[in-house]
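Chain by chain, the residues:
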Amino acid sequence: MNCYCGSLKTFSSCCEAIHKNITKAQTAEQLMRSRYSAFVLANGSYLMESHHTSTRPLKEKKAIVAWAKAVEWIKLEVLHTSKGTTNDTEGTVTFNAYFYQNGAVEVIHEKSAFKKENKHWTYLGLSQ
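Reference entry: report on the structure contained in this document. Since the model is a prediction, treat every value here as computed from it, not as a measurement.

So, the overall build of the protein
The number of helices and strands found in the protein is four helices and four strands. Here the protein has a C-alpha radius of gyration of 14 Å; the compact-globule value for 128 residues is 14 Å, and the two agree. Dimensions of the protein, computed from C-alpha atoms along their principal axes, come out at roughly 45 × 35 × 30 Å. Residues counted as buried form 41% of the 128 residues belonging to the protein. Across the protein, contacts joining residues at least 24 apart in sequence account for 45% of those joining residues at least 6 apart. The protein carries 16 positive and 11 negative side-chain charges, and their two centres are separated by 6 Å.

Some words on unusual backbone geometry
The phi dihedral of Asn 102 is positive, around 50 degrees, even though this residue is not glycine. Along the chain, Asn 102 turns up in the loop between strand S2 (90-101) and strand S3 (104-117). Of the residues examined, Asn 102 reaches a relative accessible area of 77% and is grouped as exposed. We note that Asn 118 has phi near 55 degrees; this positive angle belongs to a residue other than glycine. If you trace the backbone, Asn 118 turns up in the loop between S3 and strand S4 (120-126).

Quick look at the sheet that holds strand S1 (residues 72-83)
Spatially, four strands are ordered S1-S2-S3-S4 in an open sheet, and the strand pairing comes out antiparallel. Two strands bound the open sheet, and with one partner strand each, they are S1 and S4. Here the strands of the sheet are splayed against their neighbours by 30 degrees on average, with no regard to which way each runs. Strand direction decides the pairing type here: S1 and S2, joined by ten bridges, are antiparallel. Residue pairing in the sheet places Leu 76 in a bridge with Ala 97 of S2. Its contacts with the sheet place helix H2 (residues 28-41) against S1, S2, S3 and S4, and it is angled at close to 165 degrees to S1.

So, the pairing of S2
Count of turn residues in the S1/S2 antiparallel hairpin: six residues, of which Gly 84 carries a positive phi of about 75 degrees. Sheet analysis places S2 next to S3, joined by twelve bridges and oriented antiparallel. Among the inter-strand pairings, Val 93 is bridged to a residue of S3, identified as Ser 112. Once S2 ends, the chain turns through two residues before running back antiparallel as S3, passing Asn 102 with a positive phi of about 50 degrees.

Observations concerning H2
Taking 1.5 Å as the rise per residue, H2 with 14 residues should run 20 Å; its terminal C-alpha atoms sit 20 Å apart, in good agreement. Here H2 has its buried residues at Ala 28, Leu 31, Met 32, Arg 33, Ser 34, Arg 35, Tyr 36, Ser 37 and Ala 38. Considering only its buried residues, H2 is in contact with helix H1 (15-20), helix H3 (44-49), S1, S2, S3 and S4. Of the residues trailing H2, Ala 42 is marked for its positive phi of about 55 degrees.

A short note on helix H4 (residues 61-70)
For H4, every residue scored as buried is listed here: Ile 64, Val 65 and Ala 68. Viewed end-on, H4 has its buried residues packed into an arc of 95 degrees, placing them on one side of the element. Exposed residues on H4 whose side chains face more than 90 degrees from its buried face are Lys 62, Ala 63 and Ala 70. If you follow the buried residues of H4, they end up packed against H2, H3 and S1.

So, how was this worked out
- Residues numbered from 1 in each chain as written.
- Predicted model: local features only at pLDDT ≥ 70, side-chain atom pairs only at ≥ 80, totals over all residues.
- Heavy atoms only, no water.
- Helix = DSSP H or I, 4+ residues; strand = E, 2+ residues; numbered from the N terminus.
- Rg over C-alpha atoms; globule rule 2.2 N^0.38 Å.
- Buried < 20%, exposed > 50% of the residue type's maximum accessible area, 1.4 Å probe, protein only.
- Contact = heavy atoms within 4.5 Å.
- Lys, Arg positive; Asp, Glu negative; His and termini not counted.
- Charge placed at Lys NZ, Arg CZ, Asp CG, Glu CD.
- Pairing = 2+ DSSP bridges.
- Axes fitted to C-alpha atoms, helices over the stretch in contact; angles between N-to-C directions.
- Expected span 1.5 Å × (residues − 1).
- Arc of directions from axis to C-beta.

So, in structure tokens, the structure goes:
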């Protein structure tokens, strides 16, 4: 089975490897893809771990997990990346995440900011 994030790799060799060891995300895009897979799996622990400590929504973890379980995830579309390579300390990824909720297909369109913290990529929040 291909990974939830849409790569042609298997889940075990793609996002699962990053879920088990966050330092395996070499780019901001890889971290963003791993977070999408974590939403598909409602893996709240990883969503918190991969969130930058300055913006980590610990009090919202249960609500985030409940929402992730309540929708049916369809696909991820990466539209654009800026910086976020192995040599960068920050970057952005613009994406569409499609899901099915209450009888309709919905989409999250977001330009996300990522920043390295403790030498690994983390999700900072919405980019300005």
